[in-house]
Amino acid sequence: VTVTQMSFADLCVDAAALALSGGSPIGGTYAGTGIANDTLFPAQAGAGTFDITYSYTAPNACVATVIEPITIHGLPIVSAPTPAAQCIDAAPVALAQGTPAGGTYSGIAVAANSFTPSVAGAGTHPLTYAYTDTNGCSNTDTVQAVVNALPSVSLAAQNDVCLDGGIVALTGGSPAGGTYSGTGVSGTSFDPTVTGGGTFTIYYSFTDANSCASSDSTTIVVHAPSATLAALPAVCLDAAPFALTGGTPAGGTYSGTGVNMGNFDASVSGAGSFTIYYNNTSNGCIAVDS
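Treat the numbers as computed from the prediction; the structure is a model and nothing was measured.

This part covers the environment of Gly-272. Here Gly-272 shows up in the loop between helix H4 (266-269) and strand E32 (276-282). In this structure the C-alpha to C-alpha distance between Gly-272 and Thr-39, which are 233 residues apart in sequence, comes to 127 Å.

Here it is as structure tokens:
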């Protein structure tokens, strides 16, 4: 009897079990490395080229055989570098080429071999690098991408200050160790004479051990009340006490030699030239003209 066997296609070592066929006449049996019950188990056989024997027993009890080789390819050795940890607000990161070159990455927040931390969110995320060789055999390596959350930063409200109140220390930034910035800010101090009157924004920024940074802001109000006093006419020593006028804005107070309750009494001051002050208080801040 003449026995033939069709050729076998190459397999990868991780291929599924293959029910062997193609022997003629049908009804024979297969034997060889990794074969049981006419089924080839590639993982059991391992990588290499193996002979598969097809045996057929004729009705006259004569046995004929044919041998056909099959090649089982091993999987490529694949590795990928672990990406550097990123802050959650970092720009998309191009993932470094794995080996062998030419593979592709997959995983959460991965597109076109680029990883976007803000899409992934804080935490540890598996990224898989897959490579297929010229034999059609594939393998993968999985690395962990770490995304760090931004630090929680806060800045307490700042007290209002007076324009002439002097330099004030800024406080209330948390966690400790951050930096203050803004108009009129130098180090941890605020100088209202630099800003003038108005409302100004103060920023507090903090960078944590992971080099992730965040900030918070608040406002500080600089009060700058005004006061003007018009020139006062000369008076005679025997003039009756009179109410002082010319101070603006209204509501301020007068003081000086001969002044009492907003009135000037020449008999108290005596003859000569005297300075009269007009004081305007607003939001606890004082402006003076004379």
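Turning our eyes to something else, we now look at the sheet that holds strand E22 (residues 185-186). If you trace the three strands from one edge of the open sheet to the other, you get E19-E23-E22, paired in antiparallel fashion. Both outer strands of the open sheet, strand E19 (168-169) and E22, are each paired with one neighbouring strand and no more. With two bridges connecting them, E19 and strand E23 (residues 189-190) associate as antiparallel partners. If you follow Ala-169 over to E23, its bridge partner there is Ser-189.

We now examine the sheet that holds strand E31 (residues 263-264). Read across the sheet, three strands follow the order E27-E31-E30 without closing on themselves; strand pairing throughout is antiparallel. The strands lining the two open edges of the sheet, one partner per strand, are strand E27 (242-243) and strand E30 (259-260). Pairing of E30 with E31 involves two bridges; the strand directions are antiparallel. Paired with Asn-260 across the two strands is Asn-263, which belongs to E31.

The full count for this structure, using the stated rule, is five aromatic pairs. Ring geometry for Tyr-105 and Tyr-129: centres 5.0 Å apart, planes at 55°, overall tilted. Taken as a pair, Tyr-105 in strand E12 (residues 104-107) and Tyr-129 in strand E15 (residues 123-132) lie far apart in primary sequence, 24 residues in all. As far as burial versus exposure is concerned, Tyr-105 and Tyr-129 are alike and both buried.

What follows deals with the environment of Val-63. Within the secondary structure layout, Val-63 lies in strand E9 (residues 63-73). On the accessibility criterion, Val-63 (56% relative accessible area) is exposed. With 36 residues separating them along the chain, Val-63 and Thr-99 place their C-alpha atoms 50 Å apart. Residue contacts for Val-63: discarding those within four places in its chain leaves Tyr-56 and Thr-57.

A separate point is the side chain of Asn-148. When you line up the elements, Asn-148 lands in strand E16 (residues 138-148). Ignoring any residue separated from it by four or fewer positions in sequence, one finds Asn-148 in contact with Ala-85, Gln-86, Cys-87, Ile-88, Asn-210 and Cys-212.

To continue, consider unusual backbone geometry. Excluding glycine, residues mostly carry a negative phi; peptide bonds, for their part, are mostly trans. Across the junction of Ser-24 and Pro-25, the peptide omega takes the value -5°, indicating a cis bond. Summarising the element assignment, Pro-25 is placed in the loop between strand E4 (23-24) and strand E5 (29-31). Residues Ser-174 and Pro-175 are joined by a peptide bond in cis, for which omega reads 0°. Its place among the elements puts Pro-175 in the loop between strand E20 (173-174) and strand E21 (179-181). The phi dihedral of Ser-211 falls on the positive side, at around 65°, and the residue is not glycine. With respect to the helices and strands, Ser-211 occurs in the loop between strand E24 (198-207) and strand E25 (213-223). Assessed through its relative accessible area of 57%, Ser-211 is described here as exposed.

What is meant by a disulfide is a covalent connection between two cysteines, made through their sulfur atoms. Counted by the stated rule, this structure contains three disulfides. For Cys-12, the disulfide goes to Cys-137, at an S-S distance of 2.0 Å. One quick way to see it: the torsion about the S-S bond of Cys-12 and Cys-137 is about -100°, and its sign makes the bridge left-handed. You can see Cys-12 sitting in strand E2 (residues 11-12) and its partner Cys-137 sitting in the loop between E15 and E16, a full 125 residues away along the chain. Side by side, Cys-12 and Cys-137 carry an identical accessibility label, which is buried. The residue that forms a disulfide with Cys-87 is Cys-212, at a sulfur-sulfur distance of 2.1 Å.

Reading the values: rules and limits
- Residues numbered from 1 in each chain as written.
- Predicted model: local features only at pLDDT ≥ 70, side-chain atom pairs only at ≥ 80, totals over all residues.
- Heavy atoms only, no water.
- Helix = DSSP H or I, 4+ residues; strand = E, 2+ residues; numbered from the N terminus.
- Pairing = 2+ DSSP bridges.
- Phe/Tyr/Trp six-rings, centres within 6.5 Å; stacked < 30°, edge-to-face > 60°.
- Buried < 20%, exposed > 50% of the residue type's maximum accessible area, 1.4 Å probe, protein only.
- Contact = heavy atoms within 4.5 Å.
- Disulfide = S-S within 2.5 Å.

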